[in-house]
Amino acid sequence: MIRTTPVRDRSRRSVGTRAGRSTHHASPDGGYARRDADPTGPTPARRLRLLHPMNRYALPDLRYDYGALEPHVSGRIMQLHHDKHHAGYVKGANDALEQLDDARRKSDFTRLAALERALAFNLSGHILHSLFWQNLAPKGAPRPEGPLSDALVEHFGSFEAFQRQLMQTASTIMGSGWAALIWEPVGGRLLTTQIYDHQSNLAQAGIPLMVLDAWEHAYYLQYENRKAEFFQAVWNVWDWQDIGDRFAEAREVRIALVGAEG
Ligand SMILES: [Fe+2]
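Here the structure is a predicted model, which means the values were calculated and not measured. Note that residues are indexed from 1 along each chain, following the sequence as it is written. Local features in a predicted model are, by the rule used here, given only for residues with pLDDT of at least 70; side-chain atom pairs are given and counted only at 80 or more, and totals for whole chains, interfaces and linings are based on all residues.

Comments concerning the overall build of the protein
Each helix is a run of DSSP H or I of at least 4 residues and each strand a run of E of at least 2, with the numbering of both proceeding from the N terminus. Scanning the protein for helices and strands turns up nine helices and five strands. Start at the N end of the protein and walk to the C end: the helices and strands fall as α-β-α-α-α-α-α-β-β-β-α-α-α-β. Out of the 262 residues in the protein, the part that is buried amounts to 28%. Residues are scored as being in contact if the C-beta atoms we place from backbone atoms lie within 7 Å. Sequence-distant contacts, at least 24 apart, represent 68% of the contacts inside the protein between residues at least 6 apart. Put plainly, a residue is buried at 20 or more neighbouring C-beta atoms within 10 Å of its own, exposed at 12 or fewer, and partly exposed in between, counting only other residues' C-beta atoms, which are placed from the backbone.

Details of the packing of helix α3 (residues 75–106) against helix α4 (residues 112–135)
To obtain each axis, a line is fitted to C-alpha atoms, and for helices this fit is confined to the stretch in contact; angles are then taken between N-to-C directions over 0 to 180 degrees. Closest axis-to-axis distance for the α3/α4 pair is 8 Å, and the angle between their directions is 145 degrees. Crossing handedness for the pair α3 and α4: left-handed. Residue-level contacts link His-82, His-86, Tyr-89, Val-90, Gly-92, Ala-93, Ala-96, Leu-97, Gln-99, Leu-100 and Ala-103 of α3 to Leu-112, Leu-115, Ala-118, Leu-119, Asn-122, Leu-123, Gly-125, His-126, His-129 and Trp-133 of α4. Definitions for this section: a left-handed crossing has its near helix turned counterclockwise from the far helix by less than a right angle. A right-handed crossing has that turn clockwise.

Some details on helix α9 (residues 240–250)
Every α-helix winds through 3.6 residues per turn, so residues three or four apart in the chain are directed the same way. Those residues of α9 lying buried are Trp-240, Asp-242, Gly-244, Asp-245, Arg-246, Phe-247 and Ala-250. Looking at the buried residues of α9, the elements they touch are α4, α5 (146–156), β2 (177–184), β4 (207–213) and β5 (253–254).

A closer look at the sheet that holds β4
Taken together, the three strands give an open sheet; going across it, the order is β3-β2-β4, and neighbouring strands pair in antiparallel fashion. Edge positions in the open sheet fall to β3 (189–196) and β4, since each of these has one partner strand only. Within the sheet, the average angular offset between the axes of one strand and its neighbour, ignoring direction, is 25 degrees. By the bridge criterion, eight bridges tie β2 to β3 in an arrangement that is antiparallel. At least two DSSP bridges between two strands are required for those strands to pair.

Some remarks on unusual backbone geometry
Going from Glu-70 to Pro-71, the amide bond is cis rather than trans, its omega being 5 degrees. With respect to the element layout, Pro-71 can be found in the loop between α2 (44–50) and α3. We note that Ala-205 has phi near 80 degrees; this positive angle belongs to a residue other than glycine. Located in the positive-phi region is Ala-256, a residue other than glycine, with phi close to 55 degrees. Residue Ala-256 is classed as exposed on the basis of its C-beta count, with 10 C-beta atoms lying within 10 Å.

Observations concerning the nonpolar core
As used throughout, a nonpolar core is a set of buried Ala, Val, Leu, Ile, Met, Phe, Trp, Tyr and Cys residues joined through C-beta atoms within 7 Å of each other. Core analysis: the largest hydrophobic core is formed by 41 residues, its most contacted members being Trp-178, Ala-180, Leu-209, Val-211 and Leu-212. Top contributing element to this core by residue count: β2, with six residues. Per the annotation, domain bounds derive from an automatic or database assignment of domains. Three or more residues apiece are contributed to this core by two domains, here domain 1 (22–135) and domain 2 (146–254). Not counting residues within four places of it along the chain, the set of residues in contact with Leu-209 comprises Leu-181, Ile-182, Trp-183, Ile-243, Arg-246, Phe-247 and Ala-250. Counting residues in each nonpolar core, the second largest holds six residues, with Val-90, Ala-96, Leu-97 and Leu-123 among its members.

Comments concerning α3
Under the convention used throughout, the expected extent of a helix is 1.5 Å for every residue step, that is, one less than its residue count. Look at α3: 45 Å from first C-alpha to last across 32 residues, which is about the 46 Å you get at 1.5 Å a residue. Axes are fitted to the seven residues ending at a residue and to the seven starting at it; the angle between these axes is taken as the bend at that residue. Of all the bends found along α3, the most pronounced is centred on His-81 and spans about 30 degrees. All of the buried residues in α3 are Ile-77, Met-78, His-81, His-86, Tyr-89, Val-90, Ala-93, Ala-96 and Leu-97. Against the buried residues of α3 lie α4 and α7 (220–223). The positive-phi residue at the C-terminal boundary of α3 is Ser-107, with phi of around 50 degrees.

Thoughts on the environment of Ala-228
Take Ala-228: it is sitting in helix α8 (residues 227–233). Between the C-alpha atoms of Ala-228 and Gln-168, which are 60 residues apart in sequence, the distance is 9.6 Å.

Let's talk about the pairing of β2
A large share of β2 lies buried, amounting to seven of its eight residues. Remark: four residues form the turn of the hairpin made by β2 and β3, two consecutive strands paired antiparallel; Gly-188 in that turn has positive phi of roughly 65 degrees. Of the strand pairs in this sheet, β2 and β4 are connected by six bridges, and their pairing is antiparallel. If you follow Leu-181 over to β4, its bridge partner there is Met-210.

Considerations on the confidence of the model for the protein
Residues at a pLDDT of 70 or more form 79% of the protein, whose mean pLDDT is 84. One number per residue, pLDDT, summarises how confident the predictor is, and it ranges from 0 to 100. Residue range residues 1–52 is modelled with pLDDT below 50. Its contacts to residues more than four positions away, or to other chains, number 62 contacts.

What follows is the structure in structure tokens.
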């Protein structure tokens, strides 16, 4: 058994709290607006601190042991994936921010396009991996319940049809990427999508709810070239409570495109 990773807080974070995800969705600079602002939400000062250009991203702890997802995902893969690959994206995002800040101070924007590409790649990698870890749980339920279950039936026809579609999305990625279930807030619908690398091909304003890492580093050590087996095995460890919580919160997001809604 792989050793336990240090855990700062194993408790499930509450939805819509000051420390939860809503602070990001509620940020006026994030392009989203909540329909009903939470009066207990972040203060202006906290928002300013969140948006400070020198703010640093951090590698979140796993909420379970490296080996807790075995036999479906090996502890060694989880250890390398989290401690090396994910940590690398966190460092890359912070490095890009620092270099952008330096460029502004020097008024030297000759590398701006490259720095923005680096930030988009690494920050998206950080966000997707953070989401992936929280989408998973050692004893996953076989399928969702409640509003998410109803919505999957509404938008895909059945849970099995959604499952087949997401598997096809994952297995047909060319190169490195992710398969994702997203909430598209303009049309108000669930969609699956391929994400190329970490940052491309996602519809603007689409909110990832559930992501499946299809990069080789996610499975090759255990499954070698049999990636379809990995994509199948992951269905034993989805945390449907987490995904359902994200769906409930994403449905509240409005981006105020009057006349464009589906
Ligand atoms: Fe990954």
